Amino acid sequence: MAAAKKEKEYRLLIVGKSGSGKSSTANSIMGGKCFPVAMGLKACTTECTVKLSPRNEKGITFRIADTPGLFDPTKTNGEIGNEIIKASASMYPGLHAILYVLQPVRYTPEERDTFYKLKELFDPNVTKHVIIIFTKGDEMEKNNITLQSLVEEADGPFKEVLEECGKRVLVFDNTKRDQKQIDDLLEMVDKMWKENGEVPYTCEVQNVVNEKLEKWVTIRTKEKIMKDPKLKKLFDVMEEENREAEAEADDLRKRLEETKSKKEQTEAMIEKTLKEIEELKRKEKEREEREKREKAERERKDLEDKRKIKEEEERKAEERARRREEEERKAEERARRREEEERKAEEEKARRREEFERKAEEERARRQKEEELKELKKEHERLRFEQEIKRIQKEEKRKLQEANAKKMEEERLKLQKKEMEKAKQDIVEDRETGWMEDVGAGLVNVAGGAWKFAKGWFGF
């Protein structure tokens, strides 16, 4: 901002469509009613107006160009464009900023075309010097609309315009005098001035217009001089002196051309030598670069070899670690298997011991049962033997009894026979004696009683 501070003058061009508030914004910046403001629907600014403000207490002046709306129906686009170009050309040596004035409403196609037309009139770089001004700040404040919300909610073409203008946006309330909004504008202009290299904005069209204006001023000055005799005589003297000076200048130009020719030859030789030197330098540089590349390649290869060796060592270390881990894993697996085998062996041993004990228990139980069975058999045999003994004894007793009974029967029969014979003899004798019959009957009764007693005694 060094140049701007030295000049203490801000050169501003205000553009926008009709009714956007360009003239009101210019008046707010100038600090008074310098530009007419339309009160109805008709545009009041139909041609460019350039005005210079008085120097304020800070030593600052404003040179502002108010332009007609780019789509003013009363003029063609060509006429409006010429007006704007002439206004910008009058801002010698160039503009500090271009203020693009909008209202805080929907961004219309007409406003979008205004921005595109601005780029067509100047050049695409003009957007580096554009600041967007939203008017009707009082209505925005009433409706609780902030500048931040306008920027954040921007979309479509207006978002592109914001991006092209570096999001340089301000809000102006032209219904009151507010020095803060002027200070904010100057701060933004100063920042943009520094970003653009502290160089005022000009374009090719503007330079052409400036040249035409200078020629036009020269011609008009010459016409005024020719009308005054004194000035004409003085002008003729000056013309003669100019012709002599031009002749000397022509001679000087010839000598200069000769010198220039010799200089060109010398320069050609020097250029050739310089080219040769440059070629040598180039070759030397190529050689050095080649050597550097070769060195870098060797270093790269060395680094690559070292990296490969390191990677190989790391790989081998990893392989060793992996093998060690594998061996440890296998050792753990073997230990686990050994423990498993020992556990299984213990379990098998315990199972066999249990099986042996179970079989031994079963064998003991079987032997015990066999012993008990043997005992039972012995007892049974003993009982059977005793029973058999008893049976035999009983049988022998019975046989003995039978034998005794038989013997007794035989004895009885013998006795009976003897008694019978005796009885017969007695009978014979009784018959002979007469009482033998009674004795025989008595003997028969005695024999019958003896038989009953023997039968009861021996059990048959």
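Before any of the text, the structure's been laid out above.
Residues numbered from 1 in each chain as written. Predicted model: local features only at pLDDT ≥ 70, side-chain atom pairs only at ≥ 80, totals over all residues. Heavy atoms only, no water.

A. Quick peek at the overall build of the protein. Within the protein one finds eleven helices and six strands. Out of the 460 residues in the protein, the part that is buried amounts to 25%. For the protein, the share of sequence-separated contacts (at least 6 apart) that also reach a separation of at least 24 residues comes to 69%. Of the accessible surface of the protein, which amounts to about 33,500 Å², a share of 52% is contributed by carbon and sulfur atoms. (Helix = DSSP H or I, 4+ residues; strand = E, 2+ residues; numbered from the N terminus. Buried < 20%, exposed > 50% of the residue type's maximum accessible area, 1.4 Å probe, protein only. Contact = heavy atoms within 4.5 Å. Areas by Shrake-Rupley, 256 points an atom, 1.4 Å probe, with all protein chains shown as cover.)

B. Examining the pairing of strand β3 (residues 61-66) more closely. Along β3, five of the six residues are buried, which leaves the element largely enclosed by surrounding structure. Sheet analysis places strand β1 (residues 9-15) next to β3, joined by six bridges and oriented parallel. Pairing of Y10 across the sheet is with F62, part of β3. Bridge analysis of strand β2 (residues 49-52) against β3 gives four bridges, and the strand direction is antiparallel. Paired with V50 across the strands is A65, a residue of β3. (Pairing = 2+ DSSP bridges.)

C. The pattern of salt bridges, seen in detail. Here the structure, examined in full by the defined rule, presents 32 salt bridges. The residue E164 makes a salt bridge to K119 at a minimum N-O spacing of 2.9 Å. Of this pair, E164 sits in helix α7 (residues 156-164) while K119 sits in helix α4 (residues 109-121), placing them 45 residues apart in sequence. Note that E163 and K167 form a salt bridge whose closest N and O atoms lie 3.7 Å from each other. A residue is classified by how much of its surface remains accessible, and E163, at 48% relative accessible area, is partly exposed. Among the charged side chains, a salt-bridge network with shared partners connects E363, R366, R367 and E370. (Salt bridge = Lys/Arg side-chain N within 4 Å of Asp/Glu carboxyl O.)

D. Spotlight on unusual backbone geometry. In this structure, N144 is a non-glycine residue whose phi angle is positive, near 55 degrees. Mapped onto the secondary structure, N144 falls in the loop between α5 (137-142) and α6 (147-152). One non-glycine residue, E198, lies in the positive phi region at around 55 degrees. Along the polypeptide, E198 turns up in the loop between α8 (179-195) and α9 (204-227). The class of E198 is partly exposed, set by a relative accessible area of 30%.

E. Looking closely at the nonpolar core. In this structure, L13, I98, Y100, F122, I132 and F158 are the most contacted members of the largest nonpolar core, which totals 32 residues. Within the residue set of this core, elements represented by two or more residues are β1, α3 (77-89), β4 (97-102), α4, β5 (130-134) and α7. By residue number, the principal contributor to this core is α3, which donates four residues. Once you skip the residues sitting within four places of it in the chain, F122 turns out to touch L13, I84, I85, S88, Y201 and C203. Y10, I133, F172 and L185 belong to the second largest nonpolar core, which has 23 residues in total. (Core = buried A, V, L, I, M, F, W, Y, C linked by side-chain atoms within 4.5 Å.)

F. Geometry of the packing of α4 against α7. Running from N to C, α4 and α7 point in directions that differ by 35 degrees, and their axes come no closer than 10 Å. The way α4 lies across α7 gives a crossing that is left-handed. Side by side, α4 and α7 meet where R112, F115, Y116 and K119 of the first sit next to P157, E160, V161 and E164 of the second. Its residues assigned to classes, the contact of α4 with α7 shows four nonpolar, no polar and four charged. (Axes fitted to C-alpha atoms, helices over the stretch in contact; angles between N-to-C directions. Left-handed = near helix turned anticlockwise from the far one by under 90°. Nonpolar A, V, L, I, M, F, W, Y, C, P; charged D, E, K, R; others polar.)

G. Local environment of helix α2 (residues 22-30). The buried count for α2 comes to eight of nine residues, which makes it a mostly enclosed element. Three or more residues of α2 are buried, namely K22, S23, T25, A26, N27, S28, I29 and M30. Buried residues along α2 sit in contact with β1, β2, β3, β4, β5 and α8. Trailing α2 by a residue or two, G31 shows a phi angle of about 85 degrees, which is positive.

H. View of α4. With 13 residues, α4 should cover 18 Å at 1.5 Å per step; its first-to-last C-alpha distance of 18 Å lies within 8% of that length. Burial in α4 covers these residues: E111, T114, F115, L118 and L121. Down the axis, α4 shows its buried residues gathered within 125 degrees of arc, on one side only. (Expected span 1.5 Å × (residues − 1). Arc of directions from axis to C-beta.)

I. Here's a closer look at a negative patch on the surface. On the surface, a cluster of negative charge is made up of E325, E327, E328 and E332. Summarising the element assignment, E325 is placed in helix α10 (residues 229-433). (Patch = residues over 30% accessible without salt bridge, like charges linked within 9 Å, V, L, I, M, F, W, Y side chains within 5 Å. Lys, Arg positive; Asp, Glu negative; His and termini not counted. Charge placed at Lys NZ, Arg CZ, Asp CG, Glu CD.)

J. The side chain of T61, seen in detail. The topology assignment puts T61 in strand β3. Owing to a relative accessible area of 6%, T61 belongs among the buried residues under this scheme. When near neighbours in sequence (up to four residues on either side) are disregarded, T61 contacts K8, E9, Y10, L52, S53, P54 and R55.

K. Local environment of the pairing of β1. By the criterion of burial, β1 is predominantly enclosed, with seven of the seven residues buried. Residues E9, R11, L13 and V15 point to one face of β1 and Y10, L12 and I14 to the other, with burial holding for every one of them. Relative to β4, β1 is paired through four bridges, and the arrangement is parallel. Considered in β4, the bridge of L13 is made with I98.

L. Representation of the sheet that holds strand β6 (residues 169-171) within the structure. Strand order in the open sheet made by the six strands is β2-β3-β1-β4-β5-β6, with mixed pairing throughout. On the outer flanks of this sheet lie β2 and β6, each paired with one strand and no other. Recorded for the sheet is a direction-independent mean angle of 25 degrees between the axes of neighbouring strands. Along the sheet face, α4 touches β1, β4 and β5 and points at about 165 degrees away from the line of β4. Here α7 sits on the sheet in contact with β4, β5 and β6, set at roughly 130 degrees to β5.

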